[in-house]
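Commentary on secondary and tertiary structure
Each chain, written out:
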2 protein chains.
Amino acid sequence: MTRQLRLALRAYGVGGPGQHSLWKDPRVPKNASIDIDWYIAQAVAAEHARFDALFIVDSQFIDATYPPHYLNRLEPLTLLSAVATHTRNIGLVGTLSSTYNSPFNVARRFASLDHISGGRAGWNVVTSFDTGTSRNYGLDEHLDYATRYGRALEHVQVVRGLWDSYEDDAFPASGDVFLDPSKLHSLDHVGEHFRVDGPLNISRSPQGQPVIFQAGVSEEGRNLAAHVAEGIYAPGGSLADSRAYYSDIKRRAAALGRDPSHVVIFLGAQPVVASTDEEAHRLSREIFEADNDFSRKLAQFGRAFGAHDFSVYDLDAPFPDVAHLAEKSGRTRGASIVSRAATVGLSLRETVLEFTRYQPSPFTGSPSTVASAITSWFSAEAFDGLNVGFRTNDDLSAFVSDVVPLLQKSGLFRTEYAHDTLRGHLGLPIPANRWSVAS
Amino acid sequence: MTRQLRLALRAYGVGGPGQHSLWKDPRVPKNASIDIDWYIAQAVAAEHARFDALFIVDSQFIDATYPPHYLNRLEPLTLLSAVATHTRNIGLVGTLSSTYNSPFNVARRFASLDHISGGRAGWNVVTSFDTGTSRNYGLDEHLDYATRYGRALEHVQVVRGLWDSYEDDAFPASGDVFLDPSKLHSLDHVGEHFRVDGPLNISRSPQGQPVIFQAGVSEEGRNLAAHVAEGIYAPGGSLADSRAYYSDIKRRAAALGRDPSHVVIFLGAQPVVASTDEEAHRLSREIFEADNDFSRKLAQFGRAFGAHDFSVYDLDAPFPDVAHLAEKSGRTRGASIVSRAATVGLSLRETVLEFTRYQPSPFTGSPSTVASAITSWFSAEAFDGLNVGFRTNDDLSAFVSDVVPLLQKSGLFRTEYAHDTLRGHLGLPIPANRWSVAS
C-alpha cells in the first residue's frame, strides 16, 4: 500500500511555548485556552479538512513566568470528551502523565472517551520531568530518568491489560444472559512498579483499544516508543535530523518484531502560509520578533533542565555547570545545549541566544511552496504525518483552504474519510483481545 | 426566604443497585450505560423540567455478580464534560473518590468541567470502602475508616485551596499585562496526609468553586459532611429517619458556625408514578419481583460489608460474626444489620430476606399522591430536595409531565431558571477567594 500522509492539529489556546504576546491579537479571545467553543471550532474545522486527529498537549506546573496558554488551561480528557460529541470522525488524542495518574484511572478515562467518541481516542503518554510538577503531587523531586521510563513501560502494559478485561462478545444481552462471565477477566498484575487486580469496569470500544502515542527523544524515550507507541510525536529539527530520527525509530520497532508501518511518526510543525514566499517570511520574522524578550527566553530555556532558574547566574560568565540537570531530565535538548556550550566555549547569554535564535519553519511560504516542502520531506521519509499548530483560526483556515487541497490533488492526503476510528485513519490494526486469542 | 424544593436526576444506565433484569426491557438500549446520547437525552429532559442537577454515581470494582449498570459504565468526568456542551443551565455533579485520586488531579478536572459548563460543576466526594477497589490501586486493604475520613477532609481542603490559586481579577489582559502576577498564589500545603505546592493551572469559574457534595452516613461521614458538604445525598428510610438525619446534619453544620441553609440535603428516591395509586403499587411490586433472586441479593448484601462473600456460610446457621467488617467499612448499614440479627437471633437467610424485603418508595402512586407526599415530606423537613432515579425514559417523562407541574403550581418548585450556575440554583453563595479576602 502506498504511504499516505497523516495530518494532526495541535490545538491552540492563547499561543504555545514561547508565545507571550498572542493574546494581544484581536482575533484571539483572551480566555481562548479555557473556552470549550474555541476548541470545538478547531476540531470541526480540522475534521472538515479530513485531518486524522486533534492533539491536546498538557502540563501540570506553572509560575507567573509561563506563557499565557500554560497559565490557564482545560484538562485534556474533559476537553476532548466535550469535543467528541460535536465531531464524528476526527481522532482525539490527549496527553496524560503516567507518573502522576494510576493505571486504573488512566485506563478508565481513555476507555470512556473511546466509547463517547465511538472509537477515536488516543493517549499521549508522558512521564513529566520537572520538580515543580512533582511538588504538586507530594514528592520533593521528580523520579529519576531510568525509573520514570521503566515505570512508564509497565504502566502502559497494565493499562492495555485492563482495556482487554472484557472480550468483544462478553455481553450477549439475549435470553437470560446479559454478561457471559467467562468473557470477563481479571488482570492480576504484579510487577516492579504496580500491582493491579482488575478487571476494568468498561468494555472495549469499536477500535479495541485507544491508540498509544509517545514523544520519545532520549535513549530511554526512544526505546519506550519503539516498544509501545503506535503514534509518535517527533522532536523536529532539520531534514537530516528528522530522517535520522524516523529511520532510528522504525529500525528499533522492527528489531522488536513490530511492523514499522504500525508506528506512525508525526513531526511537529508550525506552517506559515501567505500569498507569496516573501510575505510568509516577513510574517514569520514578525511572529518571532513579537516575543523576542530575553528574560522570558531565559525562563523558557530553563525548562530543558527541569525548570531550572538560570537568572541566578552571571549572563556573561561561561555557561554554568548544569550537566547533571540535563541528565536528570532525560531530554536530549539539555544535553545538546551543554555539549555545544562547552565545545565552543559560550557564555550563558550566548548559549541562550543561539538556542533561541530565529529559525523559520521549513514549511514557510506560499501555498505551493509549503505543499512542495511537505511532499518532499514526506517522500524523504522525514515523517509519516505532520502535527501542525497555528496561532489563530485565520492561520488554520489558510492552511486548510490553500495547502490541503494541493496535497489532496497530488494524492498524498485523503479527500474523504475511509474509516470512523482513529486506528482506521492511521492504518493501525485493531489489537486482538489477549483472552480471545488465548482461548 | 421561603424554602424552595430542589430536584436532581440520578442518571440511569441499565438499571441501578439490585436491578439485574432491566436490560430485558425493550425500551432500554442494551449498551445504555456506555451510550453518551442516552445520558445527554436525560440531561436535556431534566433541564427542560428545570431540575437543579444531573447526578452521576460511580464505582471502581466489579466482578461478574454485579448488576449490569456497574459492569460497563462511563467515567463520570468524561461523561459530564460531554453532557455539558449540550445543556445550558442544569448542574452537573460527578462522583470521584478522594482515596484514589490526588488532590491536584481532582482540582484540575472539576475546575475544567466547571469552565466547560460555565459554572455548573459539583464534586460528590466519596472515600471508597471495598477491598476489591483497593486492589485495583495497588493496596491490599482499603484504608481504615478513621484514616479514610481524616484524609478525605484534608483532601477537600487542599482541592479548595487549589481552586483559589487565581484571584478573580488575575487576568486583566489589557495593555501589556496578561497576568497580574500578584494575583497568582501557591498553596504550599503541608498536612498529615498531603503535601501540595500548587498553584493550580486553571482559573476560577463563574461560580467561584465547584459545589461539594457528600453522602455522610456514619458518625465520621456526618462530621465530614457538616464540615465541608454544600449538598448532601441522604441515606433515605422512613419519614422519621429522614427527619432525624436532616435535623442532625443541620445541627452539626450550625455548631460549626455554618449557615444550615447552605447545606442542601437531597433524599434519594425512585418515584413510581401511574394513573392510579393501585396501578402504581402493582407496578412497584412487579419491579421488585423482576429481580427477586436470592443469590443475587446475597451478593449485593455483601457490599455493606466491603463486598464480603456471604455465599461461603450456611444460610440457615445463625448470622455470622462479621461485626469487624461492618466497622471497617464505616457505613452504618452493616452495623444495623449485625445489631438486628443479633437482637432477634436471625439466621443468615432470614437476615438477607429481611433487609432486602419489598419496601415500596414513599413516592408511589398517582401524580397527585406523589406530589402530595413530596410536599408533606418537604414541609416536615425530611429533605431540601429529592435526588430522583428512574428505570426508563418513560418513567422520567411521567414524573416530569405529571408530577413536576403540580409541584410548580403549588409554588414549591421553580418554573424558570433564575440562575445559570449550580450555586445559583441551590441558593449557595459564591465563596470569596481566600487571597482577595486577605488583602
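Naming follows an unreviewed UniProt entry, where chain A appears as Monooxygenase of Actinoplanes couchii. Annotation of chain A in UniProt includes, under Sequence similarities (unreviewed entry), the sentence "Belongs to the NtaA/SnaA/DszA monooxygenase family."

On to the overall build of chain A. Each helix and strand counted, chain A has 17 helices and 12 strands in total. What you see for chain A is a C-alpha radius of gyration of 22 Å, in line with the 22 Å of a compact globule of 439 residues. Each of the three principal axes of chain A carries a C-alpha extent, and together these read 75 × 50 × 45 Å. Long-range contacts, defined as pairs at least 24 residues apart, comprise 75% of the intrachain contacts of chain A with a sequence gap of at least 6. Carbon and sulfur atoms make up 52% of the accessible area of chain A, which amounts to about 16300 Å² in all. With 41 positive and 50 negative side-chain charges, chain A shows a spacing of 2 Å between the two charge centroids.

Turning our attention to the packing of helix 14 (residues 367-379) of chain A against helix 15 (residues 393-409) of chain A. Residues and elements named next belong to chain A. Contact pair helix 14 / helix 15: the axes reach a minimum separation of 9 Å and the direction vectors enclose 50°. As judged from the angle between their axes, helix 14 and helix 15 are oblique. Seen along the crossing, helix 14 lies across helix 15 with a hand that is right-handed. The residues of helix 15 that touch helix 14, namely those facing P367, S368, V370, A371, I374 and T375, are F399, D402, V403, L406 and L407.

Mapping S205 of chain B onto the fold places it in the loop between strand 6 (195-196) and strand 7 (211-214). Ignoring any residue separated from it by four or fewer positions in sequence, one finds S205 of chain B in contact with D114, H115 and G119 of chain B.

Another aspect to go through is the sheet that holds strand 2 (residues 53-56) of chain B. Spatial ordering of the closed barrel is given by 1-2-3-4-7-8-9-12 (chain B), a layout of 8 strands whose pairing is parallel. Averaged over all pairs of adjacent strands, the angle between strand axes in this sheet comes to 25°, irrespective of strand direction.

It is worth spelling out the domain arrangement of chain A at this point. Splitting chain A by domain gives domain 1 (6-271 + 362-438) and domain 2 (285-355). Placing a centre on the C-alpha atoms of domain 1 of chain A and another on those of domain 2 of chain A gives a separation of 28 Å.

This paragraph deals with the nonpolar core. The tendency in soluble globular proteins is for nonpolar side chains to be buried side by side. Ranked by size, the top nonpolar core spans 204 residues in total, and within it F51 and F399 of chain A together with F51 and F399 of chain B carry the most contacts. The residues touching F399 of chain A, leaving out its near neighbours within four places in the chain, are L7, F51, P271, V273, V370, I374, V388, F390 and V404 of chain A. One finds F305, V322, A326 and I337 of chain A within the second-largest nonpolar core, a separate group that totals 15 residues.

A separate point is the relation of the copies chain B and chain A. When chain B is fitted to chain A, the best match, at an RMSD of 0.0 Å, comes from turning it 180° and sliding it 0.0 Å along the axis. Taken together, the rotation and translation describe the operation of a two-fold axis. For chain B, the minimum C-alpha distance to the rotation axis belongs to A82 of chain B and amounts to 2.1 Å. Interface overlap between copies: 100% of the residues of chain B at the interface are likewise at the interface in chain A, consistent with a symmetric, same-surface contact.

Contact with chain B, which involves 64 residues of that partner, is made by 64 residues of chain A. Carbon and sulfur atoms supply 56% of the area that chain B and chain A bury against each other, a total of about 5300 Å² over both sides. For the interface between chain B and chain A, the tally reads 4 salt bridges. In this structure, R108 of chain B engages D58 of chain A in a salt bridge whose closest nitrogen and oxygen atoms are separated by 2.8 Å. Looking at the side of chain B that touches chain A, the elements with two or more residues in it are helix 1 (36-48), helix 2 (68-71), helix 3 (76-84), helix 4 (103-116) and strand 6 of chain B.

Further remarks concern the pattern of salt bridges. All names here are of chain B. One pass over the structure, following the stated rule, counts 48 salt bridges over all chains. In this structure, E230 engages R423 in a salt bridge whose closest nitrogen and oxygen atoms are separated by 2.7 Å. Of the two residues, E230 sits in the loop between helix 7 (219-228) and strand 8 (231-234) while R423 sits in helix 16 (residues 422-426), which places them 193 residues apart along the sequence. Taken as a pair, E230 and R423 share a single burial class, namely buried.

Residues and elements named next belong to chain B. By the alternation rule, side chains of strand 7 split into V211 and F213 and I212 and Q214, which are all buried. Across 4 bridges, strand 4 (residues 121-126) lies against strand 7 in parallel orientation. Its bridge partner lying in strand 7, N124 is registered against F213. Two elements, strand 7 and strand 8, share 2 bridges in a ladder whose sense is parallel. Paired with Q214 across the two strands is I232, which belongs to strand 8. At this point the chain moves from strand 7, through helix 7, to the parallel strand 8, and the crossover so formed is right-handed.

Residues and elements named next belong to chain A. Here helix 15 contains 17 residues, and its C-alpha end-to-end distance of 24 Å stays within 8% of the 24 Å for a straight helix at 1.5 Å per residue. Check the buried side of helix 15 and you find it contacts strand 1 (6-10), helix 1 (36-48), strand 10 (272-273), helix 14 and strand 12 (385-389). G411 lies just past helix 15 and shows a positive phi near 80°.

Okay, helix 13 (residues 348-355) of chain B next. Owing to its 3.6 residues per turn, the α-helix aligns residues three or four sequence positions apart on the same side. Residue and element names in this part refer to chain B. Among the residues of helix 13, those classed as buried are L348, T351, V352 and F355. Taken around the axis of helix 13, the buried residues stretch over an arc of 95°, which confines them to a single face. Contact partners of the buried residues in helix 13: helix 10 (294-301) and helix 12 (332-344).

Moving on, we get to the sheet that holds strand 4 (residues 121-126) of chain A. Residue and element names in this part refer to chain A. Overall, parallel pairing links the 8 strands, which are arranged 1-2-3-4-7-8-9-12 in a closed barrel. Across the sheet, the axes of successive neighbouring strands diverge by a mean angle of 25°, strand direction being ignored. Lying on the sheet, helix 6 (residues 145-163) is in contact with strand 4 and strand 7 (211-214); it crosses strand 4 at an angle near 160°.

Right, let's talk about the packing of aromatic side chains for a bit. Applying the stated criterion across every chain yields a total of 52 aromatic pairs over all chains. Judged by centre distance (6.1 Å) and plane angle (90°), the ring pair of Y12 of chain B and W38 of chain B falls under edge-to-face. One end of the pair, Y12 of chain B, is in the loop between strand 1 (6-10) and helix 1; the other, W38 of chain B, is in helix 1, with 26 residues separating them in the sequence. Overall, Y12 of chain B belongs to the buried group, its relative accessible area being 3%. A residue is classified by how much of its surface remains accessible, and W38 of chain B, at 7% relative accessible area, is buried. Taken together, F301, F305, F310, Y313 and F319 of chain A form an aromatic cluster joined through their ring pairs. Between the NZ or CZ atom of R349 of chain A and the centre of the ring of F294 of chain A, over which it lies, the distance is 5.9 Å.

Here we come to the pairing of strand 8 of chain B. All names here are of chain B. Residues G231 and Y233 of strand 8 are buried on one face, and the alternating residues I232 and A234, pointing to the opposite face, are buried as well. In this structure, strand 8 lies alongside strand 9 (residues 264-269), joined through 4 bridges in parallel fashion. Paired with Y233 across the two strands is F266, which belongs to strand 9. Handedness of the crossover joining strand 8 and strand 9 through helix 8 (residues 239-255) is recorded here as right-handed.

Moving on: the environment of Y246 of chain B. Residue and element names in this part refer to chain B. Structurally, Y246 can be placed in helix 8. In the structure, Y246 is positioned 17 residues away from V263 in sequence and 10.0 Å away in space, judged by C-alpha atoms. Once you skip the residues sitting within four places of it in the chain, Y246 turns out to touch R3, I265, E381, A382, F383 and D384. In this structure the side chain of Y246 is engaged in a polar contact, spanning 2.6 Å, whose partner is the side chain of D384.

This brings us to unusual backbone geometry. Backbone torsion omega between G198 of chain A and P199 of chain A reads 0°, so that peptide bond is classified as cis. Its place among the elements puts P199 of chain A in the loop between strand 6 (195-196) and strand 7. Although it is not a glycine, D188 of chain A sits at a positive phi angle of roughly 50°. For E381 of chain B, which is not a glycine, the phi torsion comes out positive at approximately 55°. Within the secondary structure, E381 of chain B is located in the loop between helix 14 (367-379) and strand 12 (385-389). Judged by its relative accessible area of 38%, E381 of chain B is partly exposed.

Procedures and definitions
Residues numbered from 1 in each chain as written. Chains lettered and ligands numbered in written order. Predicted model: local features only at pLDDT ≥ 70, side-chain atom pairs only at ≥ 80, totals over all residues. Heavy atoms only, no water. UniProt positions renumbered as here; feature names shortened; annotations may be inferred. Helix = DSSP H or I, 4+ residues; strand = E, 2+ residues; numbered from the N terminus. Rg over C-alpha atoms; globule rule 2.2 N^0.38 Å. Contact = heavy atoms within 4.5 Å. Areas by Shrake-Rupley, 256 points an atom, 1.4 Å probe, with all protein chains shown as cover. Lys, Arg positive; Asp, Glu negative; His and termini not counted. Charge placed at Lys NZ, Arg CZ, Asp CG, Glu CD. Axes fitted to C-alpha atoms, helices over the stretch in contact; angles between N-to-C directions. Parallel < 35°, antiparallel > 145°, perpendicular 65-115°, else oblique. Left-handed = near helix turned anticlockwise from the far one by under 90°. Pairing = 2+ DSSP bridges. Domains from an automatic or database assignment. Core = buried A, V, L, I, M, F, W, Y, C linked by side-chain atoms within 4.5 Å. Buried < 20%, exposed > 50% of the residue type's maximum accessible area, 1.4 Å probe, protein only. Least-squares fit on C-alpha atoms with pLDDT ≥ 70 in both. Buried area = accessible area lost by both parts, 1.4 Å probe. Salt bridge = Lys/Arg side-chain N within 4 Å of Asp/Glu carboxyl O. Right-handed = clockwise from strand over helix to strand, strands pointing away. Expected span 1.5 Å × (residues − 1). Arc of directions from axis to C-beta. Phe/Tyr/Trp six-rings, centres within 6.5 Å; stacked < 30°, edge-to-face > 60°. Lys NZ or Arg CZ within 6 Å of the ring centre and 35° of its normal. Polar contact = N/O pair within 3.5 Å; in protein donor to acceptor, adjacent residues only side chain to side chain.

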